[in-house]
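# A closer look at the structure
Now for the letters of each chain:
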Amino acid sequence: MTSIDVRDLSKEYGGRRAVDQLTFSVRPGRVTGFLGPNGAGKSTTMRLVLGLDRPTSGTATIGGHPYAALREPLRRVGALLDARAAHGSRTARDHLRALAASNRIPDRRVDTVLEETGLAQVARRRVRTYSLGMRQRLGIAAALLGDPEVVLLDEPANGLDPEGIVWIRTLLRRLAREGRTVLVSSHLMGETAAFADHLVILGRGRLLADTPVQEFIHARVRPHVRIRTSEPSALDDLLARHGLDASPDPDGSRTVWHTRVDDIGRLMSGAGLPVLELTAREATLEEAYLDLTAAEAEFTAPPQEA
Amino acid sequence: MEFTPVLHAEWIKIRTLRSLLGSLAAVLLVTTAFSALAVADADGSDPLYSVFFGVSLGQIAAIAFGTTAVSAEFRGGALRLTLSAAPDRLRWFAAKAAAIALPVLAVGLLTGLATLLVGKSVLGASGPAWGEGLRGAVGCALQLTLMALFAAGLAAVLRSGVATLSVLIPFLLIVSFVIGDLSGGVADFLPDRAGQVALHSTWDGALGPWTGLAVTALWSVAALLAGAWSLRRRDA
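Every chain's residues receive numbers from 1 upward, in the order its sequence appears when written. Lettering of chains starts at A and numbering of ligands starts at 1, both following the order in which they are written. A pLDDT threshold of at least 70 governs which residues receive local features in this predicted model, and a stricter bar of 80 or more applies before side-chain atom pairs are shown or counted, although totals over entire chains, interfaces and linings include all residues. With hydrogens and water set aside, each side-chain value is computed from the structure's full complement of heavy atoms.

An unreviewed UniProt entry lists chain B under the name ABC transporter, with Streptomyces filipinensis as the source organism.

By the naming in an unreviewed UniProt entry, chain A is ABC transporter ATP-binding protein, taken from Streptomyces filipinensis.

Written as structure tokens, this is what we have:
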């Protein structure tokens, strides 16, 4: 199967390191979310993988080969880098037909991907008349054109409406299920949590994490339970007796760490305490991410530029 | 990567942009229209040049064509998409140049013949002979093609259509028309002047019709090489 392998990859622009000694692999059969704040080096890394920019040092390969060595690369790798890449005066269909011709991809694939991305009805309209969401879909259509094993999408959900976001989520899951290698960059946590199995997280060009999503969240964020009762002091006694770590919230409720609603529910029922609220707080990717970046900030120097 | 599919793709790109088809049509229309005007006003001193006078303006349309075909790649990350489909940059640029040269050459030949027929029918016996006229028609086609390629190479270096046209058009209009007419010598070796020797009945400079076209071809090759070098060296 085809993996993307990045080894000791660095890229400097005028002395600034956009990508710094990056090493990670993107494996087939799962969606890898590529996270990091704007300017963390995600897009640069993607351009380096596609051989568009020349690395300062290190390598990026696809299935063991540098991108430039691929014959008819669109049949192996599909990429969306910039939704503005299609010329405004061309129709979507002509845009894709030119791209297909360069890799000897038959024209029927053009119609298939237009259908697949929901653009079939507007395929003969000039791209200039498209909304950002439609251009984004056209960019994804271009990425899928050669039915590639490897798909790289840079911020594909940009400009998509809620329906489009659900669509891309389903599409990404399907591509992974079909055994393809899928790398999707984003700076939106909630969105990424909805489709990614695995995460590669960058900060200032460096690798911060390369881990499965669930593992990342559980390692970073403690599960907790929120309880509200009419007898808070009795609750505190109960929790203390069972050695549970609780902190009071301003509204009088309690947050209990390292426990589950099932246990607390039984405990309170046994003690005969009235329960007004009992909520399990699911840890989110966003919390885990913020925890990671906060930890990073402790031992990285503050950025020079404000 | 093979060359033919990339050339095919570049050809699709050219024929699906209205502005490019428009510049090709302008090559034909501007050249024949201004030639017709010049022929009507001819004094007989240089019958061939009065027939092909319009080339000096038609080549502006050819330059616009070559420039636009390349500069369209430098908008909104289009080049990145193009090069992700055709990672061999030199091969891609060669395909682009061929996709520019072939249509201009075809339209240029058509333009040359049309212009010649108009000129000969207006001038009659005082017009150029067939041999000389056909040399002019071929020269017209080659000159237009070479200027389109010159512009294409420059556009790849400058990475901008506006920048390319604002270098080339003032250069053609001012340097060529004003300075070029005054001074001989060095000005004769400028790309648009050198090739246009082929459009004159007589010439007295260092360059003849074919050597003149060869000098223009050198300019075009130099511009294309510079474009290829820049494309290869820089990040997309």
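### Side note on the domain arrangement of chain A
These domain limits were set by an automatic method or by a database of domain assignments. The domain boundaries assigned to chain A delineate domain 1 (4-212) and domain 2 (222-281). A separation of 46 Å is found between the C-alpha centroids of domain 1 of chain A and domain 2 of chain A.

### Some details on helix α8 (residues 232-241) of chain A
An α-helical turn contains 3.6 residues, so any two residues separated by three or four positions project in the same direction. Residues and elements named next belong to chain A. Between buried and exposed lies partly exposed: a residue is buried under 20% and exposed over 50% of the maximum accessible area for its type, with that area taken using a 1.4 Å probe on protein chains only. Helix and strand definitions follow DSSP, with helices as H or I runs of at least four residues and strands as E runs of at least two, each counted in order from the N terminus. When we look at burial in α8, the residues that qualify are Leu235, Leu238 and Leu239. One side of α8 carries all its buried residues, which in axial view fall inside an arc of 95°. Opposite the buried face of α8, at more than 90 degrees from it, the exposed residues are Ser233, Ala240 and Arg241. Next to the buried residues of α8 lie β10 (224-229), β11 (246-248), β12 (254-257) and α9 (261-271). Just downstream of α8 lies Gly243, where phi reads positive at about 65°. Arc definition: it is the arc formed by the directions from the helix axis to the C-beta atoms. By definition, residues are in contact when any of their heavy atoms lie within 4.5 Å.

### With respect to the pairing of strand β2 (residues 16-26) of chain A
Residue and element names in this part refer to chain A. Only strands that DSSP links by at least two bridges are regarded as paired with each other. Note that strand β1 (residues 4-13) and β2 share seven bridges and pair antiparallel. Note on β2: the bridge partner recorded for Leu9 is Leu22. The antiparallel hairpin formed by β1 and β2 contains two residues in its connecting segment, where Gly14 sits at a positive phi of about 50°.

### Quick word on the sheet that holds strand β7 (residues 181-186) of chain A
Either a parallel or an antiparallel arrangement is found when strands of a sheet pair, and the pairing is made through backbone hydrogen bonds. All names here are of chain A. The six strands are arranged β5-β6-β7-β3-β8-β9 in an open sheet whose pairing can be described as mixed. Sheet topology places β5 (77-80) and β9 (206-212) at the edges, where each strand pairs with a single neighbour. The mean angle between the axes of side-by-side strands here comes to 15°, regardless of whether they run parallel or antiparallel. Taken together, the four bridges between β5 and strand β6 (residues 150-154) define a ladder with parallel strand orientation. Looking across to β6, one finds that Gly78 is bridged to Val151. Helix α4 (residues 132-144) contacts β5 and β6 of the sheet and is inclined by roughly 165° relative to β5. Here the axes come from fitting lines to C-alpha atoms, over the contacting stretch only for helices, and the angles between their N-to-C directions go from 0 to 180 degrees.

### Quick look at the UniProt feature "transmembrane region" (unreviewed entry) in chain B
All names here are of chain B. UniProt positions are given in the numbering used here, feature names are shortened, and annotations may be inferred rather than shown by experiment. Following the UniProt record, one finds the feature "transmembrane region" (unreviewed entry) at residues 48-72, 93-116, 136-158, 165-187 and 207-231. Helix and strand shares over residues 48-72 are 88% and 0% respectively, and the end C-alpha atoms of the span are 36 Å apart. Between the first and last C-alpha atoms of residues 207-231 the distance is 33 Å; the span itself is 92% helix and 0% strand.

### Side note on the side chain of B:Ser201
All names here are of chain B. Tracing the backbone through its elements, the reader meets Ser201 in the loop between α9 (191-196) and α10 (209-233). Taking the relative accessible area as the measure of exposure, Ser201 reaches 15% and is therefore buried. Whenever two N or O atoms come within 3.5 Å, that pair is a polar contact, provided that in protein one can donate a hydrogen and the other can accept it, and provided that, for residues adjacent in sequence, both atoms are side-chain atoms. Here Leu48 takes part through its backbone nitrogen, which lies 3.1 Å from a polar atom of the side chain of Ser201. The contacts of Ser201, once residues within four sequence positions are left out, are Asp46, Pro47, Leu48, Glu132 and Arg135.

### Looking at a nonpolar patch on the surface
A surface patch of nonpolar side chains, about 340 Å² in accessible area, is lined by B:Leu109, B:Val138, B:Leu142 and B:Trp210. As for its position among the elements, B:Trp210 is in helix α10. Any residue with relative accessible area above 30% and no salt bridge may belong to a patch, with like charges joined within 9 Å and the nonpolar Val, Leu, Ile, Met, Phe, Trp and Tyr side chains within 5 Å. In short, Shrake-Rupley with a 1.4 Å probe defines the accessible areas, and a residue's cover is counted only from the protein chains shown. Criterion for a salt bridge: a side-chain nitrogen of Lys or Arg within 4 Å of a carboxyl oxygen of Asp or Glu.

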